[in-house]
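Coordinate analysis (summary)
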Amino acid sequence: MTVRTRFAPSPTGLLHIGNARAALFNFLYARHHGGKFLLRVEDTDRERSTQHAVDVLFDGLAWMGITPDEEPVFQSTRQARHAEIAHHLLTQGLAYRCYCTQEELQQMREQAMAEGKPPRYNGYWRDRDPSEAPPGAPYTVRIRAPREGEAVIQDLVQGDVRVANAEMDDMIILRADGTPVYQLAVVVDDHDMDITHVIRGDDHLTNTFRQAMIYRAMGWDLPKFAHLPLIHGPDGAKLSKRHGAQSVVEFRDMGYLPEALNNYLLRLGWGHGDAEILSRDEQIHLFDLDGVGRSPSRMDYAKLSHLNGVWLRQADDARLTDDVLQRLAGREGVTVDDTLRTRILTLMPGLKERAKTLVELADSAAFLGRHVPLAFDAKAEKLLSDDARVMLGKLARDLAVLAEFDAPSIDAALRHFAENHGHKLGQVAQPLRAAMTGGATSPGIDATLAALGRDEVMARLGAVAR
Ligand code: GLU
C-alpha cells in the first residue's frame, strides 16, 4: 500500500498555525513512508471562501516548503460526483428522502428537548412511503444510520474511540437544493483521491463518526485516522488573537524563518528523544505518528523566537541579506542599493549572531545604508563627548593611512592607537561605534568599519570629529 495523505483546509480564513501543523504532519508522514502528500481546497462554502484566503494558503504552504505531490483538488468542482453518491445510496435504500419542513424539524427538536432527549431527527421519513408527501414537495436526502451497536474508530493518536450508534441520527447528505453536505464531500473526495491516512485536528473527531457511516454504507474501506490535539495559547485557553500572531503570513512578516516555524510546529506535540533542532531531512527520517502526544500543546512564543535565532545563525548569508534588503526598502533615510548589499553581506556573520528575527536583523543593519549626518540616540550622544570627538579626530588620521582596510588591519590599528594614547580599547571602540552607527551596539567594531569601507568611515568620522 502506498501511503497517500492530504491536507484539506477550508479557505474561509487565513492559514493558521494549527492548520499548518496538520499540513506539516501529513507531509512528513507521506515522505517518511515514501508516499504522496495531496492538497484539497475545501471551498464548497461559497459565501465564506475567498480568493484571498486561497492565495494566502498557497503562498503560506510554498513558504513553508510543504508542497503537494499532485495538482490541488478544488472540492467545489466535484459537487456532481458528491450528489451522484447520494443518489446511489438512495437507489440502494441506504439513504431516504425526508420531506420534513423547517417548522416540523423545529417542533421535533423542541419535543425531544422537552422529553429531556438530545435534539435529534427522529427518523420520521425513515420508513415512510414518499407517496405520503405532498406532490412536488422539496426533500433532503438522509442516510439510514445504524441504530444498534456501536461505532469504533481505531485512531492512530487517540487509540480506540467508541460512540453508540443510538447517539447518532440520520444525517442529511444532500440538501433540498441538491447540494451535498460537507461530510459527504469529504468522504467521496478522500475515497476518490485514494487517501490512506487522514491526519487532522481532533476537533474533527465527531465528524469522523458521521463520515464513517458513509464509508460503511458505500462498502468502501475506511482510511486510517489520526486526530491531532489542538494548539492552545500559553495560558491553556483556546488559541486566539489575544495570544499573539496566529496566521503563517503574520509569522513571516514578523521575521520568522520557515525552517524555524516548521521546526517549532513539529516539536509542538511531537517528540523524538531530546532532538530539538531538526533539518527537513531529519524530520522526514524520524517522523511517525507514534511520537504524537495526546494532550493539547501550548504555544510558546519565546521558544519559537529562540529557535528562530538558532536557525538564523545557520542560515545562508546571501539569503538573509536579500531578505533584509527587502525589509529595508522604503525605510526613511536608508539607501537600498548594491553598496548596501555588499556592506550587509560583509557584516552578516556578525549581525546574525545578535538577532532573533529578520525584523531585528533588518533594524540592526539599517545604519549601513544611512548617510551623514547620522541621527544619534541618547546613548550615542553620551558617548560622543567633546573629549571623545577630539580623540576620534586623531584616530581618523591613523585610519586614513592604513595600507589595508580590512578587519584584521583595523583591529591592529585600533589597539595600537589605544595603547599609544593610554586608552583602554573600549574607550576608543565605543565612541567610534556611536559615530559609525548612531547607536551603541553593533557587531565587532573592526568588522563594522571594514563593512562600511574606508570612504564612508572617513565621512562618518569627519561628521563628529573635533
Ligand atoms: N476543511 C476542514 C477544515 O478546514 C478539514 C477537513 C478535513 O481535514 O477532513 O477544518
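Please read these numbers as outputs of a predicted model, since none were measured by experiment. (Residues numbered from 1 in each chain as written. Predicted model: local features only at pLDDT ≥ 70, side-chain atom pairs only at ≥ 80, totals over all residues. Heavy atoms only, no water.)

Details of the overall build of the chain
We apply this condition: Helix and strand assignments come from DSSP, with helices taken as H or I runs of at least 4 residues and strands as E runs of at least 2, each series counted from the N terminus. Radius of gyration: over C-alpha atoms. The globule rule applied is 2.2 Å multiplied by the number of residues raised to the 0.38 power. Note on classification: 1.4 Å probe, protein chains only; a residue is buried when its accessible area is under 20% of the maximum for its type, exposed when over 50%, partly exposed between these limits. Throughout, a residue-residue contact means that at least one pair of heavy atoms, one from each residue, lies within 4.5 Å. Positive residues here are Lys and Arg, negative ones are Asp and Glu, while His and the chain termini are left out of the count. Working definition for charges: the position is that of NZ of Lys, CZ of Arg, CG of Asp or CD of Glu.
If you tally the helices and strands in the chain, you get 19 helices and 12 strands. Here the chain has a C-alpha radius of gyration of 32 Å; the compact-globule value for 466 residues is 23 Å, and the former is much larger. Its C-alpha atoms give the chain principal-axis dimensions of roughly 105 × 40 × 40 Å. Within the chain, the fraction of its 466 residues that count as buried is 48%. Counted over contacts in the chain with a minimum sequence separation of 6, partners at least 24 positions apart contribute 76%. When the 55 basic and 65 acidic side-chain charges of the chain are each reduced to a single mean position, those positions are 3 Å apart.

Looking at the site of the ligand
To keep it simple, the criterion reads: We call a residue near a molecule or strand when any one of its heavy atoms sits within 4 Å of it. The term polar contact refers here to a pair of N or O atoms within 3.5 Å; inside protein, the definition further demands a hydrogen-donor-capable atom paired with an acceptor-capable atom, and it admits residues adjacent in sequence only when both atoms are side-chain atoms. Areas reported as accessible are Shrake-Rupley estimates using a 1.4 Å probe. Residue values count occlusion only from the protein chains shown. Residues are sorted three ways: Asp, Glu, Lys and Arg are charged, Ala, Val, Leu, Ile, Met, Phe, Trp, Tyr, Cys and Pro are nonpolar, and all the rest, Gly among them, are polar.
If you check the shell around the ligand, you find Arg 6, Ala 8, Pro 9, Ser 10, Glu 42, Tyr 182, Arg 200 and His 204 and nothing else. Within the side chain of Arg 200, an N or O atom sits 2.6 Å from an oxygen atom of the ligand. In this structure, His 204 approaches the ligand through a side-chain N or O atom, which is 3.0 Å from an oxygen atom. Contact with the protein chains removes 84% of the 300 Å² of surface that the ligand exposes when unbound. In terms of residue class, the shell around the ligand is made up of three nonpolar, two polar and three charged.

Observations regarding the pattern of salt bridges
Filter applied, for reference: Every case where a carboxyl oxygen of Asp or Glu lies within 4 Å of a side-chain nitrogen of Lys or Arg is listed as a salt bridge.
Taken as a whole and assessed by the stated rule, the structure comprises 33 salt bridges. For Arg 267, the salt bridge is made with Glu 276, and the minimal N-O distance between the two is 3.4 Å. Residue class for Glu 276 comes out partly exposed when judged on its relative accessible area of 28%. Linking Asp 411 and Arg 415 is a salt bridge whose minimum nitrogen-to-oxygen distance equals 3.1 Å. Here Asp 411 and its partner Arg 415 are both found in helix H16 (residues 407-420), four residues apart, which amounts to about one turn of the helix. Each of the salt bridges in this network shares a partner with another, and the network as a whole consists of Arg 6, Arg 40, Glu 42, Arg 78, Arg 81, Glu 84, Asp 189, Asp 190 and Asp 192.

So, the packing of aromatic side chains
Formally: Aromatic pairs are defined between Phe, Tyr and Trp rings, using the six-membered ring for Trp, whenever the two ring centres lie within 6.5 Å; interplanar angles under 30 degrees are classed as stacked, those over 60 as edge-to-face, and all others as tilted. Both a distance and an angle decide whether a charge sits over a ring: NZ of Lys or CZ of Arg must be within 6 Å of the ring centre and within 35 degrees of the ring normal.
For the structure on display, the rule yields nine aromatic pairs. Relative to Tyr 256, the ring of Phe 251 lies with its centre 5.7 Å away and its plane at 70 degrees, an arrangement referred to as edge-to-face. Taking the ring centre of Tyr 139 as reference, the NZ or CZ of Arg 97 above it sits at 4.9 Å.

Notes on unusual backbone geometry
Omega for the bond connecting Val 372 with Pro 373 falls within 30 degrees of zero, at -5 degrees, which places this linkage in the cis form. For Pro 373, the position within the fold is in the loop between helix H13 (358-365) and helix H14 (378-383). Phi angles above zero are rare outside glycine, and Asp 194 is one such case at about 55 degrees. Locating Asp 194 in the fold gives a position in the loop between helix H5 (182-192) and strand S9 (197-201).

A closer look at the UniProt feature "domain: Glutamyl/glutaminyl-tRNA synthetase class Ib catalytic" (unreviewed entry) in the chain
Operational definition: UniProt positions are given in the numbering used here, feature names are shortened, and annotations may be inferred rather than shown by experiment.
UniProt records the feature "domain: Glutamyl/glutaminyl-tRNA synthetase class Ib catalytic" (unreviewed entry) for residues 3-305 in the present numbering. Across residues 3-305, the secondary structure splits into 36% helix and 16% strand, with the terminal C-alpha atoms separated by 34 Å.

Focus: the packing of helix H15 (residues 386-400) against helix H19 (residues 454-464)
Going by this rule: Axes, fitted as lines to C-alpha atoms, cover a helix only where it is in contact. Angles between the N-to-C directions of the axes lie from 0 to 180 degrees. By the definition adopted for this analysis, an angle is roughly parallel if under 35 degrees, roughly antiparallel if over 145, roughly perpendicular if from 65 to 115, and oblique otherwise. Crossing handedness follows the turn of the near helix against the far one: under a right angle anticlockwise gives a left-handed crossing, and clockwise gives a right-handed one.
At their nearest, the axes of H15 and H19 sit 9 Å apart, and the two run at 155 degrees to each other. Considering the angle they form, H15 stands roughly antiparallel to H19. With respect to the hand of their crossing, H15 and H19 are arranged in left-handed fashion. Within the contact between the two elements, H15 uses Arg 389, Leu 392, Ala 396, Leu 399 and Ala 400 and H19 uses Arg 454, Val 457, Met 458, Leu 461 and Val 464. Broken down by class, the residue content of the contact of H15 with H19 amounts to eight nonpolar, no polar and two charged.

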